[in-house]
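Descriptive analysis of the structure
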Amino acid sequence: LAIRYAVEHSPSFDSARRSQEVAALQRQNAFNSFLPSLDLTTTDGLQQLHPAGTTDPYSTSFGLSLKESLYDNGASLTNYRIAKLNYESSTLAAQKARNQLALEVAQQYYRYSLATKLQEVKKEQLATLQKQLATVTSQYEQGFKMKKDFLRFKAQVQKAELALLEQQATVQNSQAET
(Lines give C-alpha, C1' and ligand atoms only; values in the text may rest on other atoms or scores of the structure.)
Protein backbone atom coordinates (compact mmCIF):
# COMPACT_ATOMS: atom_id res chain seq x y z
CA LEU A 1 0.00 0.00 0.00
CA ALA A 2 2.78 2.43 0.89
CA ILE A 3 4.77 1.47 -2.20
CA ARG A 4 1.73 1.93 -4.43
CA TYR A 5 1.11 5.36 -2.91
CA ALA A 6 4.77 6.30 -3.38
CA VAL A 7 4.71 5.16 -7.02
CA GLU A 8 1.55 7.14 -7.72
CA HIS A 9 2.90 10.34 -6.14
CA SER A 10 6.62 10.22 -6.95
CA PRO A 11 7.86 12.92 -9.35
CA SER A 12 10.97 10.92 -10.26
CA PHE A 13 9.00 7.80 -11.18
CA ASP A 14 6.44 9.90 -13.05
CA SER A 15 9.26 11.45 -15.06
CA ALA A 16 10.72 8.02 -15.88
CA ARG A 17 7.29 6.71 -16.88
CA ARG A 18 6.69 9.71 -19.15
CA SER A 19 10.10 9.22 -20.75
CA GLN A 20 9.12 5.64 -21.45
CA GLU A 21 5.88 6.80 -23.10
CA VAL A 22 7.80 9.29 -25.26
CA ALA A 23 10.24 6.55 -26.29
CA ALA A 24 7.31 4.27 -27.20
CA LEU A 25 5.85 6.99 -29.42
CA GLN A 26 9.24 7.59 -31.05
CA ARG A 27 9.55 3.87 -31.73
CA GLN A 28 6.07 3.85 -33.29
CA ASN A 29 6.96 6.85 -35.46
CA ALA A 30 10.17 5.16 -36.58
CA PHE A 31 8.20 2.03 -37.50
CA ASN A 32 5.71 4.13 -39.46
CA SER A 33 8.49 5.18 -41.83
CA PHE A 34 8.35 1.62 -43.27
CA LEU A 35 4.70 2.05 -44.22
CA PRO A 36 3.40 3.91 -47.27
CA SER A 37 1.84 7.30 -46.75
CA LEU A 38 -1.44 8.44 -48.21
CA ASP A 39 -2.14 12.14 -48.73
CA LEU A 40 -5.59 13.50 -49.45
CA THR A 41 -6.11 17.13 -50.45
CA THR A 42 -9.27 18.95 -51.36
CA THR A 43 -9.85 22.55 -52.28
CA ASP A 44 -13.23 24.18 -52.56
CA GLY A 45 -13.83 27.80 -53.28
CA LEU A 46 -15.09 30.63 -55.40
CA GLN A 47 -13.10 31.59 -58.45
CA GLN A 48 -12.13 35.22 -58.46
CA LEU A 49 -11.75 35.56 -62.14
CA HIS A 50 -13.99 33.11 -63.83
CA PRO A 51 -13.81 32.82 -67.59
CA ALA A 52 -16.47 34.56 -69.59
CA GLY A 53 -19.33 32.33 -70.46
CA THR A 54 -19.04 30.07 -67.47
CA THR A 55 -22.11 29.89 -65.37
CA ASP A 56 -20.50 28.20 -62.39
CA PRO A 57 -18.07 30.47 -60.47
CA TYR A 58 -17.22 27.69 -57.98
CA SER A 59 -14.18 25.45 -58.22
CA THR A 60 -13.36 22.15 -56.58
CA SER A 61 -10.21 20.09 -56.75
CA PHE A 62 -9.48 16.72 -55.24
CA GLY A 63 -6.09 15.04 -54.96
CA LEU A 64 -5.01 11.67 -53.63
CA SER A 65 -1.40 10.55 -53.56
CA LEU A 66 0.25 7.38 -52.30
CA LYS A 67 3.97 7.46 -51.51
CA GLU A 68 6.38 4.81 -50.37
CA SER A 69 10.09 5.05 -49.85
CA LEU A 70 11.74 2.12 -51.58
CA TYR A 71 15.31 2.82 -50.57
CA ASP A 72 16.82 5.34 -48.15
CA ASN A 73 20.27 3.81 -47.64
CA GLY A 74 19.15 2.08 -44.41
CA ALA A 75 18.26 5.31 -42.58
CA SER A 76 14.75 4.14 -41.70
CA LEU A 77 16.02 0.82 -40.39
CA THR A 78 18.75 2.53 -38.36
CA ASN A 79 16.29 5.05 -36.93
CA TYR A 80 13.94 2.23 -35.97
CA ARG A 81 16.70 0.29 -34.24
CA ILE A 82 17.80 3.40 -32.34
CA ALA A 83 14.21 4.14 -31.29
CA LYS A 84 13.75 0.54 -30.18
CA LEU A 85 16.93 0.66 -28.09
CA ASN A 86 15.85 3.99 -26.60
CA TYR A 87 12.52 2.45 -25.66
CA GLU A 88 14.20 -0.54 -24.01
CA SER A 89 16.55 1.82 -22.16
CA SER A 90 13.69 3.99 -20.92
CA THR A 91 11.77 0.88 -19.84
CA LEU A 92 14.75 -0.25 -17.79
CA ALA A 93 15.14 3.25 -16.35
CA ALA A 94 11.46 3.26 -15.30
CA GLN A 95 11.86 -0.16 -13.68
CA LYS A 96 14.99 1.04 -11.90
CA ALA A 97 13.19 4.16 -10.65
CA ARG A 98 10.30 2.04 -9.36
CA ASN A 99 12.65 -0.42 -7.67
CA GLN A 100 14.63 2.44 -6.11
CA LEU A 101 11.42 3.97 -4.82
CA ALA A 102 10.29 0.63 -3.36
CA LEU A 103 13.70 0.22 -1.72
CA GLU A 104 13.51 3.67 -0.14
CA VAL A 105 10.01 3.00 1.19
CA ALA A 106 11.07 -0.36 2.62
CA GLN A 107 14.18 1.12 4.22
CA GLN A 108 12.16 3.91 5.78
CA TYR A 109 9.64 1.38 7.10
CA TYR A 110 12.41 -0.70 8.67
CA ARG A 111 14.04 2.41 10.17
CA TYR A 112 10.75 3.37 11.76
CA SER A 113 10.13 -0.18 12.95
CA LEU A 114 13.62 -0.36 14.43
CA ALA A 115 13.18 3.00 16.15
CA THR A 116 9.90 1.92 17.76
CA LYS A 117 11.37 -1.40 18.90
CA LEU A 118 14.38 0.38 20.38
CA GLN A 119 12.02 2.77 22.16
CA GLU A 120 10.24 -0.20 23.74
CA VAL A 121 13.58 -1.71 24.79
CA LYS A 122 14.70 1.60 26.30
CA LYS A 123 11.42 1.82 28.27
CA GLU A 124 11.95 -1.68 29.63
CA GLN A 125 15.56 -0.89 30.44
CA LEU A 126 14.51 2.26 32.30
CA ALA A 127 11.86 0.36 34.26
CA THR A 128 14.43 -2.27 35.26
CA LEU A 129 16.96 0.36 36.31
CA GLN A 130 14.32 2.21 38.32
CA LYS A 131 13.50 -1.00 40.19
CA GLN A 132 17.19 -1.60 40.84
CA LEU A 133 17.58 2.00 42.01
CA ALA A 134 14.69 1.57 44.41
CA THR A 135 16.32 -1.57 45.80
CA VAL A 136 19.76 0.08 46.06
CA THR A 137 18.19 3.18 47.64
CA SER A 138 16.51 1.13 50.36
CA GLN A 139 19.73 -0.85 50.93
CA TYR A 140 21.72 2.39 51.09
CA GLU A 141 19.30 3.85 53.61
CA GLN A 142 19.61 0.69 55.70
CA GLY A 143 23.41 0.83 55.47
CA PHE A 144 23.94 -2.26 53.30
CA LYS A 145 25.20 -0.33 50.23
CA MET A 146 27.73 2.42 49.87
CA LYS A 147 26.92 5.90 48.62
CA LYS A 148 28.90 5.35 45.39
CA ASP A 149 26.64 2.37 44.49
CA PHE A 150 23.58 4.51 45.09
CA LEU A 151 24.99 7.37 42.96
CA ARG A 152 26.08 4.99 40.20
CA PHE A 153 22.56 3.55 39.88
CA LYS A 154 21.03 7.02 40.05
CA ALA A 155 23.32 8.13 37.19
CA GLN A 156 22.39 5.03 35.18
CA VAL A 157 18.69 5.81 35.58
CA GLN A 158 19.25 9.39 34.44
CA LYS A 159 21.25 8.15 31.45
CA ALA A 160 18.46 5.73 30.59
CA GLU A 161 15.89 8.54 30.83
CA LEU A 162 17.95 10.66 28.41
CA ALA A 163 18.36 7.70 26.07
CA LEU A 164 14.59 7.14 26.12
CA LEU A 165 13.94 10.81 25.31
CA GLU A 166 16.44 10.66 22.44
CA GLN A 167 14.81 7.50 21.13
CA GLN A 168 11.36 9.10 21.31
CA ALA A 169 12.70 12.00 19.25
CA THR A 170 14.15 9.52 16.77
CA VAL A 171 10.78 7.79 16.46
CA GLN A 172 9.04 11.12 15.86
CA ASN A 173 11.61 12.10 13.21
CA SER A 174 11.31 8.71 11.55
CA GLN A 175 7.53 9.00 11.55
CA ALA A 176 7.73 12.50 10.07
CA GLU A 177 9.91 11.21 7.22
CA THR A 178 7.42 8.53 6.27
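Residues numbered from 1 in each chain as written. Predicted model: local features only at pLDDT ≥ 70, side-chain atom pairs only at ≥ 80, totals over all residues. Heavy atoms only, no water.

For the rest of this paragraph, the subject is the overall build of the protein chain. Counting its secondary structure elements, the protein chain contains four helices and two strands. Along the protein chain, helices (α) and strands (β) appear in the sequence α-α-β-β-α-α when read from the amino end. Dimensions along the principal axes, computed over C-alpha positions, put the protein chain at roughly 135 × 40 × 20 Å. Taken as a whole, the protein chain presents about 13800 Å² of accessible surface, with 55% of it coming from carbon and sulfur. Taken together, the 20 basic and 17 acidic charged side chains of the protein chain have centroids lying 17 Å from each other. (Helix = DSSP H or I, 4+ residues; strand = E, 2+ residues; numbered from the N terminus. Areas by Shrake-Rupley, 256 points an atom, 1.4 Å probe, with all protein chains shown as cover. Lys, Arg positive; Asp, Glu negative; His and termini not counted. Charge placed at Lys NZ, Arg CZ, Asp CG, Glu CD.)

For any pair of aromatic rings, the description consists of the separation of the ring centres together with the inter-plane angle of the planes. In this structure the tally under the stated criterion is five aromatic pairs. Relative to F34, the ring of F31 lies with its centre 6.0 Å away and its plane at 75°, an arrangement referred to as edge-to-face. On the basis of an interplanar angle of 55° and a centroid distance of 5.9 Å, the ring pair of F31 and Y80 is categorised as tilted. A residue pair is termed long-range when its members are at least 10 positions apart, and F31 in helix α2 (residues 11-32) and Y80 in helix α3 (residues 75-142) qualify at 49 residues. Among the residues examined, F31 registers a relative accessible area of 37% and is labelled partly exposed. One aromatic cluster is present, built from ring pairs that chain together F31, F34 and Y80. When the ring centre of Y87 is taken as origin, the NZ or CZ atom of R27, which lies over that ring, is 4.2 Å away. (Phe/Tyr/Trp six-rings, centres within 6.5 Å; stacked < 30°, edge-to-face > 60°. Buried < 20%, exposed > 50% of the residue type's maximum accessible area, 1.4 Å probe, protein only. Lys NZ or Arg CZ within 6 Å of the ring centre and 35° of its normal.)

Here the focus is the nonpolar core. In this structure, L126, L129, L133, V136, F150, F153, V157, A160 and L164 together form the largest nonpolar core, which totals nine residues. At the level of elements, α3 and α4 (147-177) are the ones that each hand at least two residues to this core. Per-element tally for this core: the top contributor is α4, with five residues. Ignoring sequence-local partners within four residues, the contact set of L133 consists of F150, F153, K154 and V157. If you look at the next biggest cluster of nonpolar residues, it comprises seven residues, including A6, V7, A97 and L101. (Core = buried A, V, L, I, M, F, W, Y, C linked by side-chain atoms within 4.5 Å. Contact = heavy atoms within 4.5 Å.)

With that out of the way, let us pick up the pattern of salt bridges. Per the stated rule, a full pass over the model turns up five salt bridges. Between D14 and R18 there is a salt bridge, and its shortest N-O distance comes to 3.0 Å. Residue D14 and its partner R18 are both found in helix α2; the two are separated by four residues, about one turn of the helix. For R17, the salt bridge goes to E21, with nearest N and O atoms at 2.8 Å. Remark: E21 and R17 occur in helix α2; sequence separation between them is four residues, near one turn of the helix. Residue class for E21 comes out partly exposed when judged on its relative accessible area of 42%. (Salt bridge = Lys/Arg side-chain N within 4 Å of Asp/Glu carboxyl O.)

If you trace the backbone, L40 turns up in strand β1 (residues 37-46). The residues contacting L40, other than those within four sequence positions of it, are F62, G63 and L64.

So, about α3. The end-to-end C-alpha separation of α3 is 98 Å, in line with the 100 Å expected for 68 residues at 1.5 Å each. Downstream of α3 by a residue or two, G143 has a phi angle that is positive, lying close to 90°. (Expected span 1.5 Å × (residues − 1).)

Our focus in this paragraph is the side chain of Q119. Inspection of the secondary structure assignment puts Q119 in helix α3. A residue is classified by how much of its surface remains accessible, and Q119, at 14% relative accessible area, is buried. Apart from residues lying up to four places away in sequence, Q119 is in contact with L164, Q167, Q168 and V171.

So, on to unusual backbone geometry. In the Ramachandran plot, N73 falls in the positive-phi region, its phi being about 65° despite a non-glycine side chain. In this fold, N73 is placed in the loop between β2 (58-67) and α3.

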